[in-house]
Amino acid sequence: MDKTKLIERAEILVGAVDDLPTIPAVATKVLQMVDDPDASVEEIADMMLTDQVMTARIMKLINSPVYKPAQEITSLRRALVYLGLRHVREIALTTSVISAFDGTTGVLDLKAFWEHSFGVGMVSKIIAKKVGYIDLEKAYIAGIIHDLGEVFLSNFLREPFLEVLDYIKAHPVTLSEAEELLLGTTHSEIGLCMARKWNFPEAYSDIIAHHHNPEAATVDPILCAIVNLSDLFCTVRELNYGGLGWVTFNLNEQVAWSILKEKSPDMARMDVERFCYELDDAIPDVKALVSSIFSTT
Ligand SMILES: [Fe+2]
Ligand SMILES: [Fe+2]
């Protein structure tokens with residue numbers, strides 16, 4: 001089916017939902033302030049403090065084993081200084097996206113879903129570094145939000161989505177193929193429509209739309225290829241929210257691998273096995289971060 005038809009169908013489905021969760025206005029303001037050279041850490045901290053959920057998540061994250069502060073950090077301002085302003089952008093956005101769906105009941109196990117998403121974010125960051133991609137935080141954010149459309153399907157199209165999940169258990173097709181067949185669209189187009197509703201920057205909506213066909217990305221094909229590989233990698237490394245979909249994964253045959261090899265001399269020299277081996281090394285850290293974000297203690 002052609003992409004325009006898939007997007008049209010997604011627009012109808014997303015448009016039909018009246019109570020689509022919203023991203024808090026605080027998150028959008030913080031994103032603007034981080035890009036404003038005149039905004040101080042104090043001002044940004046004050047803005048964030050108006051959102052208690054965001055504040056609580058940041059404090060939990062900053063004191064997690066991943067960031068390992070020498071002493072416990074108890075003020076948001078100190079947390080922001082410790083993390084650096086670049087990280088504020090990623091935290092404001094990701095904590096808001098998680099909160100938007102907190103407490104919702106869908107077909108997917110949300111924790112497993114975010115494990116996959118954060119896993120893809122972290123692995124994207126690692127691949128970005130290897131490739132010499134400049135904005136590592138952007139790679140992280142793109143990885144975290146790439147499958148947003150799945151949460152929509154899980155929450156608002158429960159019955160049809162359950163049929164999709166049953167279908168892939170019985171047939172050797174990918175999740176996207178089953179979605180297209182049974183829903184007339186896929187989570188990529190659904191995610192694109194949500195990203196547009198939430199006014200995400202174009203660079204992110206393009207990745208959400210093309211993370212399963214990075215050759216079609218127009219805004220940032222390199223980052224899209226990074227997220228695509230990271231997604232495949234996490235899917236075969238137990239960060240795949242419950243083993244959804246039928247996945248074959250031969251790095252040498254991936255379009256994303258060719259895109260990166262073409263663009264990065266470091267990557268062109270990289271041996272596939274070594275690449276996978278190095279990513280494997282990072283998986284325990286990825287799992288530790290994910291559990292620190294979601295732990296309730
Ligand atoms: Fe996906
Ligand atoms: Fe994914």
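The structure displayed is predicted, hence computed values, not measured ones.

Q: So what about the overall build of the protein? Which residues, and what values?
A: Per the secondary structure count, the protein includes 17 helices and zero strands. Along the first, second and third principal axes, the C-alpha set of the protein runs to 50 × 50 × 35 Å. Per-residue burial for the protein yields a buried fraction of 42% across its 297 residues. Of the contacts formed within the protein by residues at least 6 apart in sequence, a portion of 65% connects residues at least 24 apart.

Q: Pulling in residues and values, what's your account of the domain arrangement of the protein?
A: Structurally, the protein comprises domain 1 (22-100) and domain 2 (105-294). Summarising the inter-unit geometry, the C-alpha centres of domain 1 and domain 2 are found 25 Å apart. Facing 14 residues of domain 1, the contacting portion of domain 2 comprises 12 residues. Tallying contributions element by element places helix α6 (residues 85-100) first for the side of domain 1 that touches domain 2, with eight residues.

Q: A description of the packing of helix α1 (residues 3-15) against helix α12 (residues 187-197) should follow, citing residues and the corresponding values.
A: Their axes nearest at 8 Å, the elements α1 and α12 cross at an angle of 55 degrees. In terms of orientation, α1 lies oblique with respect to α12. Read as a crossing pair, α1 and α12 show a hand that is right-handed. Residues L6, I7, A10, E11, L13 and V14 of α1 form the contact with α12, whose participating residues are E189, I190, L192, C193, M194 and K197.

Q: Quick one: what's the story with helix α14 (residues 221-235), residue by residue and with numbers?
A: Its 15 residues place the ends of α14 21 Å apart at the C-alpha level, agreeing with the 21 Å of an ideal helix rising 1.5 Å per residue. Among the 15 residues of α14, 15 are classified as buried, and the element is accordingly described as predominantly covered.

Q: I'd like a description of helix α2 (residues 25-34), backed by residues and values.
A: Those residues of α2 not exposed but buried are A27, V30 and M33. Seen along its axis, α2 keeps its buried residues to an arc of 125 degrees; they face one direction. Exposed side chains of α2 directed beyond 90 degrees from the buried face belong to A25 and Q32.

Q: Account for the nonpolar core, naming residues and giving values.
A: Membership of the largest hydrophobic core comes to 79 residues, with the highest contact counts inside it found for L223 and I226. Per-domain counts for this core show at least three residues from each of domain 1 (22-100) and domain 2 (105-294). For I226, the contacting residues outside a window of four places in its chain are S124, I127, A128, V131, Y133 and A139.

Q: Which residues make up the packing of α12 against helix α13 (residues 202-210), and what values do they have?
A: In the contact formed by α12 and α13, the axes pass within 7 Å of each other and the chain directions differ by 165 degrees. In terms of orientation, α12 and α13 fall into the roughly antiparallel class. When you trace α12 past α13, the crossing you get is right-handed. Contacts between α12 and α13 pair S188, E189, G191, L192, A195 and R196 from the former with Y204, S205, I208, A209 and H210 from the latter.

Q: Can you tell me about the environment of V123, naming the residues and giving the values?
A: Along the chain, the position of V123 falls in helix α7 (residues 110-131). Residue V123 is classed as buried on the basis of its C-beta count, with 27 C-beta atoms lying within 10 Å. Counting along the chain gives 21 residues from V123 to D102, while the straight-line C-alpha distance between them is 24 Å. With sequence-adjacent residues up to four places away left out, V123 is seen in contact with G143, S230, F233, C234, L279, A282 and V286.

The rules we used
- Residues numbered from 1 in each chain as written.
- Chains lettered and ligands numbered in written order.
- Predicted model: local features only at pLDDT ≥ 70, side-chain atom pairs only at ≥ 80, totals over all residues.
- Helix = DSSP H or I, 4+ residues; strand = E, 2+ residues; numbered from the N terminus.
- Buried ≥ 20, exposed ≤ 12 C-beta atoms within 10 Å, placed from the backbone.
- Contact = placed C-beta atoms within 7 Å.
- Domains from an automatic or database assignment.
- Axes fitted to C-alpha atoms, helices over the stretch in contact; angles between N-to-C directions.
- Parallel < 35°, antiparallel > 145°, perpendicular 65-115°, else oblique.
- Left-handed = near helix turned anticlockwise from the far one by under 90°.
- Expected span 1.5 Å × (residues − 1).
- Arc of directions from axis to C-beta.
- Core = buried A, V, L, I, M, F, W, Y, C linked by C-beta atoms within 7 Å.

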